Amino acid sequence: MTLAKNPSPVAMPVFDLRRTPARQAAGDAFLGNVLGVSHHRGWEFWRASGRDLLGRHESGGRHLVVIVLEGELTLRHDGGEIRLGAGESAAIAPERGFDWRTGGQASWIVNGYADRKPRESGAPGIQRIDRDAGQRFSAPPGADVLVGPPPICTKLELAGAGDGAWSAGLWTATPYERIPVRYGYYEMMHLHAGAVTVFDAGGAEMTFRAGDVFLVAEGAQAGWRSTEDVRKLWSIFTPEPG
């Protein structure tokens, strides 16, 4: 991640989740420490790290997205096991209990959303996110906000909340630039490939590259500039108006 031109979080609330200072301990080794980047209860972020750790975690009413930053994290559930290395991720459904352990030194980010209307989707309780999964065509940003030709975009939704306020999935796009627009939602992004610069009208900008995990907060006025193909994992929460 590269900073330039006064990257003030007040002017442009965009957070590098690999480096954002922790607010407090979560009281759970799997979650580690709370990251104070959301003011909406039920939409939360944690970052954990340690060497040769193990334990058990219950997702409760939350959907969880787990992204491994370094090392190895193993999740064991329902007689199965998912082993995640650096740069890999998993989606965990509500009301799932699992054992976990690290292989040596590891660090990871957890994003959680408390579903107000949880439902049984039929999807695996814990699923490895396959970044190479097939995607379908997705509409590009509108011509009124684009600078230059429209990109070719694809998208795949992997999980969604029963209350309709949260979803997660994969997205790709060819290079494009978009002027700053107001985000009416939170979007966490884990870049799988490429690089993107987000910027505001005042000249603040932040550049993220493959492997980075960042959050664009609700209310941000942010533009998008990419000069190479981008592939990402996204997790989006749209708060109720007011």
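Quick notes on the rules
- Residues numbered from 1 in each chain as written.
- Predicted model: local features only at pLDDT ≥ 70, side-chain atom pairs only at ≥ 80, totals over all residues.
- Heavy atoms only, no water.
- Helix = DSSP H or I, 4+ residues; strand = E, 2+ residues; numbered from the N terminus.
- Polar contact = N/O pair within 3.5 Å; in protein donor to acceptor, adjacent residues only side chain to side chain.
- Pairing = 2+ DSSP bridges.
- Axes fitted to C-alpha atoms, helices over the stretch in contact; angles between N-to-C directions.
- 1 Å grid on protein atoms, 1.4 Å probe; cavity = no way out; pocket = protein on both sides within 12 Å on 5 of 7 lines; lining within 4 Å.
- Points joined across faces, edges and corners; volume = space filled by probe spheres on them.
- Salt bridge = Lys/Arg side-chain N within 4 Å of Asp/Glu carboxyl O.
- Buried < 20%, exposed > 50% of the residue type's maximum accessible area, 1.4 Å probe, protein only.
- Phe/Tyr/Trp six-rings, centres within 6.5 Å; stacked < 30°, edge-to-face > 60°.
- Core = buried A, V, L, I, M, F, W, Y, C linked by side-chain atoms within 4.5 Å.
- Contact = heavy atoms within 4.5 Å.
- pLDDT = per-residue confidence, 0-100.

Mapped onto the secondary structure, Thr207 falls in strand β18 (residues 205-209). Here the side chain of Thr207 touches Thr197 through a polar contact of 2.7 Å, side chain to side chain.

This part covers the sheet that holds strand β13 (residues 153-160). Spatially, β2-β19-β16-β21-β14-β13-β12 is the arrangement adopted by the seven strands of the open sheet, whose pairing is antiparallel. Of all strands in the sheet, those bounded by a partner on one side alone are β2 (14-16) and β12 (136-138). Shown here is a sheet whose adjacent strand axes are inclined to one another by a mean of 30°, direction ignored.

Let us now look at the layout of surface pockets. As a volume, the largest pocket reaches approximately 440 Å³. Along the walls of the largest pocket sit 20 residues, with Trp171, Arg178, Tyr185, Glu187 and Lys232 positioned nearest its centre. Looking at the lining of the largest pocket, the elements with two or more residues in it are β13, β14 (166-173), β15 (176-182) and β21 (230-237). For the lining of the largest pocket, the leading source of residues is β15, giving four residues.

Attention now moves to the pattern of salt bridges. Scanning all chains against the criterion turns up 14 salt bridges. The shortest N-O distance in the salt bridge between Glu58 and Arg56 comes to 3.3 Å. Its salt-bridge partner being Asp132, residue Arg231 comes within 3.2 Å of it at the nearest N-O pair. One end of the pair, Arg231, is in strand β21; the other, Asp132, is in the loop between β11 (126-128) and β12, and 99 residues separate them in sequence. Accessibility expressed as a relative area gives 57% for Asp132, which makes it exposed.

We now examine the side chain of Thr20. Looking at where Thr20 falls in the secondary structure, it is placed in the loop between β2 and β3 (22-25). Using a relative accessible area of 11% as the deciding quantity, one classes Thr20 as buried. At a separation of 2.7 Å, a polar atom in the side chain of Thr20 contacts the main-chain carbonyl oxygen of Asp16.

Right, let's talk about the packing of aromatic side chains for a bit. Ring pairs (aromatic) are described by centroid distance and by the angle formed between their planes. Enumeration over the complete set of coordinates arrives at 14 aromatic pairs. Measuring from ring centre to ring centre gives 5.2 Å for Tyr183 and Tyr185, while their planes differ by 55°; the resulting arrangement is tilted. Tyr183 sits in the buried class, given a relative accessible area of 4%. By relative accessible area, Tyr185 is classed as partly exposed at 28%. Each residue in the set Trp43, Phe45, Tyr113, Trp166, Tyr186 and Phe237 is aromatic and connected to the rest through ring pairs, giving one cluster.

So, on to the nonpolar core. Counting residues in each nonpolar core, the largest one holds 26 residues, and the members touching the most others are Leu17, Trp43, Phe45, Trp166, Met188 and Leu215. Contributing elements (two or more residues each) for this core: β5 (43-51), β7 (62-77), β10 (97-114), β14, β16 (186-193), β19 (213-216) and β21. Apart from residues no more than four positions distant in its own chain, Phe45 is found in contact with Leu17, Asn33, Val34, Leu35, Val37, Val110, Asn111, Met188 and Leu215. In this structure, Tyr183, Val196, Phe208 and Ala220 belong to the second largest nonpolar core, which totals 23 residues.

Take unusual backbone geometry next. Unlike most non-glycine residues, Asp52 shows phi in positive territory, near 50°. Assessed through its relative accessible area of 54%, Asp52 is described here as exposed. Phi at Glu95 is positive, roughly 60°, even though this residue is not glycine. Its location among the elements puts Glu95 in the loop between β9 (89-92) and β10.

Turning next to the confidence of the model for the protein. Close reading of the predicted structure is inappropriate where its pLDDT is low. Chain-level pLDDT for the protein is 93 on average; 94% of the residues reach the 70-or-more range. For the stretch residues 3-10, pLDDT sits under 50, and the model shows 13 contacts to residues farther than four places along the chain or on other chains.

What follows is about the environment of Arg116. Tracing the backbone shows Arg116 in the loop between β10 and β11. In this structure the C-alpha to C-alpha distance between Arg116 and Pro180, which are 64 residues apart in sequence, comes to 32 Å. The residues contacting Arg116, other than those within four sequence positions of it, are Asp163, Ala165 and Glu240. Polar side-chain contacts of Arg116 include one of 2.9 Å to the side chain of Glu240.

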